[in-house]
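# Secondary and tertiary structure notes
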Amino acid sequence: MGRITLDKVRKAFGEVEVIPPLDLTIEDGEFVVFVGPSGCGKSTLLRLIAGLEDVTDGQIRIDGQDATRVPPAKRGLAMVFQSYALYPHMSVRKNIAFPLKMAGLPQAEQDKRVTNAASVLNLTDYLERRPGQLSGGQRQRVAIGRAIVREPAAFLFDEPLSNLDAALRVGMRLEISELHKRLETTMIYVTHDQVEAMTMADKIVVLRAGNIEQVGSPLELYKEPRNLFVAGFIGSPKMNLLDGDEAARRNAATIGVRPEHIVPSATEGPWQGTVGVSEHLGSDTFFHVHLDGRKEPITVRAGGEVDMHHGDRIFLTPDESRIHRFDAEGLRIP
Amino acid sequence: MATQHSRSAARVMMAPAVFLLLVWMLVPLCLTLYFSLLDYRPLRGTFDCCEGLGNYVRFVSSSAFQDSVVTTLMMVGGILVITVIGGILLALLLDQPIFGQGVVRILVIAPFFVMPTVAALVWKNMFMNPVNGLLAHLWRFFGAEPVEWLTNVPLLSIIIIVSWMWLPFATLILLTAIQSLDSEQLEAAEMDGAGFFSRFGYIILPHMARAITVVILIQTIFLLSIFAEIFVTTGGGFGTRTLTYLVYQRVIESQNVGLGSAGGIIAVILANIVAFFLMRIVGKNLDA
Ligand SMILES: Nc1ncnc2c1ncn2[C@@H]1O[C@H](COP(=O)(O)OP(=O)(O)OP(=O)(O)O)[C@@H](O)[C@H]1O
Ligand SMILES: [Mg+2]
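Residues numbered from 1 in each chain as written. Chains lettered and ligands numbered in written order. Predicted model: local features only at pLDDT ≥ 70, side-chain atom pairs only at ≥ 80, totals over all residues. Heavy atoms only, no water.

### Regarding the domain arrangement of chain A
Residue and element names in this part refer to chain A. Looking at chain A, the domain boundaries give domain 1 (4-232) and domain 2 (239-326). The interface of domain 1 with domain 2 comprises 7 residues on the first partner and 8 residues on the second. Both faces combined, the contact of domain 1 with domain 2 buries some 660 Å², and carbon together with sulfur accounts for 61% of it. Of all residues in domain 1, Tyr222, Leu228 and Ala231 bury the most surface against domain 2, accounting for 72% of the area lost on that side. (Domains from an automatic or database assignment. Contact = heavy atoms within 4.5 Å. Buried area = accessible area lost by both parts, 1.4 Å probe.)

Take a look at the structure:
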């Protein structure tokens, strides 16, 4: 079981309020991702849940039990740190067994669980090595191994993949998702990479300056961002935001349209402009188009083999049904 | 310094320094060796060659020699135990965020700047004096009979004095070691259910192993040659005559330079043996 409820949780470091009162419920078995720009309080929120930081105000409940003052070890949560935080002088086996040893499990049980975890994570051949003799991905797996042997109520991950190279990151992303499917344990995952958030999450929590901007499934956030911040944060490449007459014509202060919802053409369309930089990814091409009379370029997605070049005239047709409208406060107009 | 050229250039540049160091070390060593083979007693005017190994035999076979070796080992060992354990505890304490941290740290380091002679005199007269010393007052305050430190427990007294002087060194090095420990490791251990003592035993202590090794090695080298503290307090009496002090007595008090030099050479050999075994025992921690 791992249902975690935050009730008006507030955190201040001295005078500075990092997290204003915040409510959040994480259901049992859910994969929840905290995203947000750097410094918005993701790690702090995670550490509050873990018990590594004291809550200034409010209450944290785990499975309905008040856990606000419970020390970290007693909360039944396991954490995977960004730096992995492996114990450098212990072998991989000892690292993974450490929480079991601290819990005082009999040696036979410890061995069994370590062997299990090692085979799940492909670490069997490395059990006698020290962490210093492992690659980044292997260290990451050891850190995860150390977390899963405890059979915790929930896993907490703080940017676990940010030290890995791009290819490995994709691989580990899948492994963690698979682990979640198999264990069906609650996982809370912090990242500032919105691709990780979109691909892994059941539920995304978008944070800005300690405030929750929106909570929802990846597709909800993609389809109906509640405000400009979420609109700009979710989706890759970013949503194009336009103000001025185009927005006014649609009774909004700002409108947003995603690059994939604009059809480019060489001959006709309501918006006109010049092609700037184009990025060819093979499957897709992204054009940066300078619309006439606008400074900021907008991004447009075209199919893989569109024949247009720097300086060409281009005509764009936005998909009117998928234009997002925002009012002067930046809130979504339904 | 990758290329052949830069390597040879480096060699040429380093040559003067290497040469100077060699001369610096070799000349006194050779002179000592030379004297140790002579019957050289300046006050009696003897300067006879060809004593051979006689000085060595005489030095080693005297009962004072064995006693001095035992005394030296006990003194060095005692000081090492006190400074390492005390240093670890102090470092743990100083690592906590406390009020006036900066001042406290400077105060802790202060004894290291006190000259050995002064430190010994201060301890002898202000603390350990059985009539007026602070410790005597303290004992009397609790209704106990004051201890006559330097007469009844002279070895322990000297160990205390020298430990006081070297504690800051150990503390300083161990404190930097503790501070270089990744706090996430401690947090991970905390989440893994390790209490304070487990965290200390499984995480902090292994992390400090290397620093402890360094402290032990460096201190041993310096402690083998303790002199001023003994000279000022007991003058080598009451079973506080270390090997170094014995050599001093042979050369200066007995005016037997030959015998003293032989003792000096033996001390060098013994120190090297100790260093060798220390390296073997604790040096494991240095690689990896
Ligand atoms: N111990 C602390 N004392 C004071 N301020 C802190 C402390 N820890 C964090 N902060 C502040 O709290 C804010 C949130 O920090 P936090 O580490 O949670 O950010 P984050 O969202 O995890 O960022 P990143 O993506 O860069 O890791 C930051 O402005 C930071 O300066
Ligand atoms: Mg962070």
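### Notes on the side chain of glutamate 246 of chain A
Residues and elements named next belong to chain A. Here glutamate 246 shows up in helix H9 (residues 245-249). Here the side chain of glutamate 246 touches arginine 249 through a polar contact of 2.8 Å, side chain to side chain. Separated by 2.9 Å, the side chains of glutamate 246 and arginine 250 make a polar contact. (Helix = DSSP H or I, 4+ residues; strand = E, 2+ residues; numbered from the N terminus. Polar contact = N/O pair within 3.5 Å; in protein donor to acceptor, adjacent residues only side chain to side chain.)

### Looking at the packing of aromatic side chains
Summed over all chains, the structure comprises 23 aromatic pairs over all chains. Look at phenylalanine 231 of chain B and tyrosine 248 of chain B: their rings are 5.9 Å apart centre to centre, the planes differ by 90 degrees, and that puts the pair in the edge-to-face class. Here phenylalanine 231 of chain B is found in helix H11 (residues 228-233), whereas its partner tyrosine 248 of chain B is found in helix H12 (residues 243-253), with 17 residues between them in sequence. Each member of the aromatic cluster is reached from another via a ring pair, and the members are Phe31, Phe155, Phe157 and Tyr189 of chain A. Lying across the ring of tyrosine 87 of chain A, arginine 146 of chain A places its NZ or CZ 4.5 Å from the centre. (Phe/Tyr/Trp six-rings, centres within 6.5 Å; stacked < 30°, edge-to-face > 60°. Lys NZ or Arg CZ within 6 Å of the ring centre and 35° of its normal.)

### Some points on the packing of helix H5 (residues 116-127) of chain B against helix H8 (residues 154-179) of chain B
The description of two helices packed together rests on the angle between their axes and the distance between the axes. Residues and elements named next belong to chain B. Remark: H5 packs on H8, axes separated minimally by 10 Å, with the N-to-C direction vectors making an angle of 130 degrees. Classed by the angle they form, the pair H5 and H8 counts as oblique. When the axes of H5 and H8 are compared, the crossing they make is right-handed. Packed against H5, whose contacting residues are Pro116, Ala119, Ala120 and Trp123, the element H8 presents Ile160, Ile161, Trp164 and Met165 at the interface. Among the residues making up the contact of H5 with H8, the classes are represented as 8 nonpolar, no polar and no charged. (Axes fitted to C-alpha atoms, helices over the stretch in contact; angles between N-to-C directions. Parallel < 35°, antiparallel > 145°, perpendicular 65-115°, else oblique. Left-handed = near helix turned anticlockwise from the far one by under 90°. Nonpolar A, V, L, I, M, F, W, Y, C, P; charged D, E, K, R; others polar.)

### So, unusual backbone geometry
Residues and elements named next belong to chain A. In this structure, proline 237 follows serine 236 across a cis peptide bond, with omega equal to -5 degrees. With respect to the secondary-structure elements, proline 237 resides in the loop between helix H8 (228-233) and strand S11 (240-243). For tyrosine 84, which is not glycine, the phi dihedral falls at a positive 70 degrees. As for its placement among the helices and strands, tyrosine 84 is situated in the loop between strand S6 (77-80) and helix H2 (92-103). For tyrosine 84, a relative accessible area of 7% translates into the label buried. (Buried < 20%, exposed > 50% of the residue type's maximum accessible area, 1.4 Å probe, protein only.)

### Quick look at the site of ligand 1
All names here are of chain A. The local shell around ligand 1 consists of Phe13, Val18, Ser38, Gly39, Cys40, Gly41, Lys42, Ser43, Thr44, Glu159 and His192. Within the contact set of ligand 1, an oxygen atom lies 3.0 Å away from a backbone nitrogen or oxygen of glycine 41. With respect to ligand 1, the side chain of lysine 42 contributes an N or O atom lying 2.7 Å from an oxygen atom. Across the complex, the protein chains shield 57% of the 630 Å² of accessible surface that ligand 1 would expose by itself. Per-class residue counts for the shell around ligand 1 are 3 nonpolar, 6 polar and 2 charged. (Near = heavy atom within 4 Å. Areas by Shrake-Rupley, 256 points an atom, 1.4 Å probe, with all protein chains shown as cover.)

### Focus: the sheet that holds strand S17 (residues 313-318) of chain A
Residue and element names in this part refer to chain A. Here we have 5 strands laid out as an open sheet, ordered S13-S17-S14-S15-S16, and antiparallel in their pairing. Two strands lie at the open edges of the sheet, namely strand S13 (262-265) and strand S16 (298-303), each paired on one side alone. Neighbour-to-neighbour, the strand axes of this sheet turn through a mean angle of 45 degrees, independent of strand direction. Bridge analysis of strand S14 (residues 271-280) against S17 gives 4 bridges, and the strand direction is antiparallel. Looking at the pairing, glycine 273 lines up with isoleucine 314 of S17. (Pairing = 2+ DSSP bridges.)

### Quick notes on the domain arrangement of chain B
Accessible area lost upon the coming together of the parts serves often as the stated size of an interface. One can read the domain layout of chain B as domain 1 (1-25) and domain 2 (56-287). Computed over C-alpha atoms, the centres of domain 1 of chain B and domain 2 of chain B are 37 Å apart.

### Looking at the interface of chain B and chain A
Chain B puts 15 residues into the contact, and the matching count from chain A is 22 residues. In terms of surface lost to chain A, no three residues of chain B exceed Met191, Asp192 and Tyr202 of chain B, which account for 43% of the buried area on that side. Linking chain B with chain A are 3 salt bridges. Two residues, glutamate 187 of chain B and arginine 47 of chain A, come together in a salt bridge whose shortest N-O distance is 2.7 Å. (Salt bridge = Lys/Arg side-chain N within 4 Å of Asp/Glu carboxyl O.)

### Describing the nonpolar core
By size, the foremost hydrophobic cluster in this structure holds 77 residues, and its most contacted members are Ile4, Leu6 and Phe34 of chain A. Element by element, the count of residues in this core is highest for H8 of chain B, at 12 residues. When residues no more than four places from it in sequence are discounted, the contact partners of phenylalanine 34 of chain A are Leu24, Ile26, Lys42, Leu45, Ile49, Ile188, Tyr189, Val190, Thr191, Val205 and Leu207 of chain A. Residues Phe31, Val149, Met187 and Phe233 of chain A belong to the second largest nonpolar core, which totals 43 residues. (Core = buried A, V, L, I, M, F, W, Y, C linked by side-chain atoms within 4.5 Å.)

### Some remarks on the environment of lysine 238 of chain A
Residues and elements named next belong to chain A. Along the chain, lysine 238 turns up in the loop between H8 and S11. Here the alpha-carbon distance between lysine 238 and isoleucine 298, two residues 60 residues apart in the chain, equals 9.5 Å. Setting aside residues up to four positions removed in sequence, lysine 238 forms contacts with Gly232 and Pro259.

### Looking at the pattern of salt bridges
Within this structure, the stated rule accounts for 24 salt bridges over all chains. In this structure, arginine 10 of chain A engages glutamate 17 of chain A in a salt bridge whose closest nitrogen and oxygen atoms are separated by 2.6 Å. Residue classification places glutamate 17 of chain A among the partly exposed residues on the basis of a relative accessible area of 39%. What emerges from the salt-bridge pattern is a single network uniting Lys11, Arg47 and Glu53 of chain A together with Glu187 of chain B.

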